[in-house]
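Structure assessment
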Amino acid sequence: MADHDNHRERLLTLMEALLGAHAFVQALLEDLPLPVTIPDPAPEGDEDTPTQALLALNRVRRIIQDEPITEARKRAFNHLILDWFTAYELLVLTKVAGPAPWRLDAAEFSLDRVVTWIELIEEGDLEDDES
């Protein structure tokens, strides 16, 4: 039973980290030369699925191509969003199918990459031959 409680606690911690990362992504997008605003991942109605926020975040992958930023920064934003989606999908799957340790490990690994992309984008340490 203790193992199940640990998995549940870890899932909740990762979900909080995912939402925190989304807030950082929102801030980065709003700081672009052509600011992009995306909604919070709030549930619609009684559902637990933040459909509009997910679709908006996916559209950013196309919109970012029109930003007056380097190709490396465009790729970094694309990778950031894909890694965020990977963590999101794994955590949703974990809620549905159960907290298998590999799912939680993979979600945490994706969130670690999200943090790395955020740091690279914030610090501006991207060159066109990277990423």
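Shown above is the structure to which this text applies.
These numbers were taken from a predicted model, which means no experiment stands behind them. (Residues numbered from 1 in each chain as written. Predicted model: local features only at pLDDT ≥ 70, side-chain atom pairs only at ≥ 80, totals over all residues. Heavy atoms only, no water.)

In this section: the nonpolar core. Of all hydrophobic cores here, the largest spans 35 residues; its most connected members are L29, I38, F77, L80 and W84. Here this core takes eleven residues from helix α3 (residues 71-97), the largest share from any one element. If we ignore the near neighbours within four places in the chain, the residues touching L80 are V25, L28, V114, W117, I118 and I121. (Core = buried A, V, L, I, M, F, W, Y, C linked by side-chain atoms within 4.5 Å. Buried < 20%, exposed > 50% of the residue type's maximum accessible area, 1.4 Å probe, protein only. Helix = DSSP H or I, 4+ residues; strand = E, 2+ residues; numbered from the N terminus. Contact = heavy atoms within 4.5 Å.)

Turning our attention to the environment of I63. With respect to the helices and strands, the residue I63 is situated in helix α2 (residues 51-63). For I63, a relative accessible area of 39% translates into the label partly exposed.

Below, the discussion takes up the pattern of salt bridges. Applying the stated criterion to the full structure yields four salt bridges. For R10, the salt bridge goes to E108, with nearest N and O atoms at 2.6 Å. In this pair, R10 sits in helix α1 (residues 2-30) while E108 sits in helix α4 (residues 101-123), placing the two residues 98 residues apart along the sequence. Of the residues examined, E108 reaches a relative accessible area of 33% and is grouped as partly exposed. (Salt bridge = Lys/Arg side-chain N within 4 Å of Asp/Glu carboxyl O.)

Here D112 is to be found in helix α4. Linking D112 and D83, residues 29 residues apart in sequence, is a C-alpha distance of 9.0 Å.

Okay, the packing of α2 against α3 next. As a packed pair, α2 and α3 sit with axes 9 Å apart at the nearest point and diverge in direction by 150 degrees. In this view, α2 runs roughly antiparallel relative to α3, as classed from their interaxial angle. For the element pair α2 and α3, the recorded crossing hand is left-handed. Residues L54, L57, N58, V60 and R61 of α2 form the contact with α3, whose own contacting residues are N78, I81, L82, W84, F85 and Y88. (Axes fitted to C-alpha atoms, helices over the stretch in contact; angles between N-to-C directions. Parallel < 35°, antiparallel > 145°, perpendicular 65-115°, else oblique. Left-handed = near helix turned anticlockwise from the far one by under 90°.)

It is worth spelling out α4 at this point. The first and last C-alpha atoms of α4 sit 33 Å apart over 23 residues, in line with the 33 Å expected at 1.5 Å per residue. Looking only at α4, the buried set comprises R103, L104, A107, S110, L111, V114, W117, I118 and I121. (Expected span 1.5 Å × (residues − 1).)

Turning next to the packing of aromatic side chains. The tally for this structure, following the rule as stated, stands at two aromatic pairs. Between W84 and F85, the aromatic rings sit 5.9 Å apart at their centres with planes inclined by 75 degrees, giving edge-to-face as the arrangement. You'll find W84 and F85 in the same group, each marked buried. Taking 5.6 Å as the distance between ring centres and 10 degrees as the angle between the ring planes, the aromatic pair formed by W84 and Y88 counts as stacked. Of the two residues, W84 and Y88 both sit in helix α3, four residues apart, roughly one turn of that helix. By the burial criterion, W84 is buried, and Y88 matches it. Here a set of aromatic residues connected by ring pairs shows up, and it is made of W84, F85 and Y88. (Phe/Tyr/Trp six-rings, centres within 6.5 Å; stacked < 30°, edge-to-face > 60°.)

Let's shift gears to the packing of α3 against α4. The description of two helices packed together rests on the angle between their axes and the distance between the axes. Contact geometry of α3 with α4 gives a least axis separation of 8 Å together with a crossing angle of 155 degrees. Between α3 and α4, the angle falls in the class roughly antiparallel. Our pair here, α3 against α4, has a crossing hand that is left-handed. When its residues are assigned to classes, the contact of α3 with α4 shows 17 nonpolar, four polar and four charged. (Nonpolar A, V, L, I, M, F, W, Y, C, P; charged D, E, K, R; others polar.)

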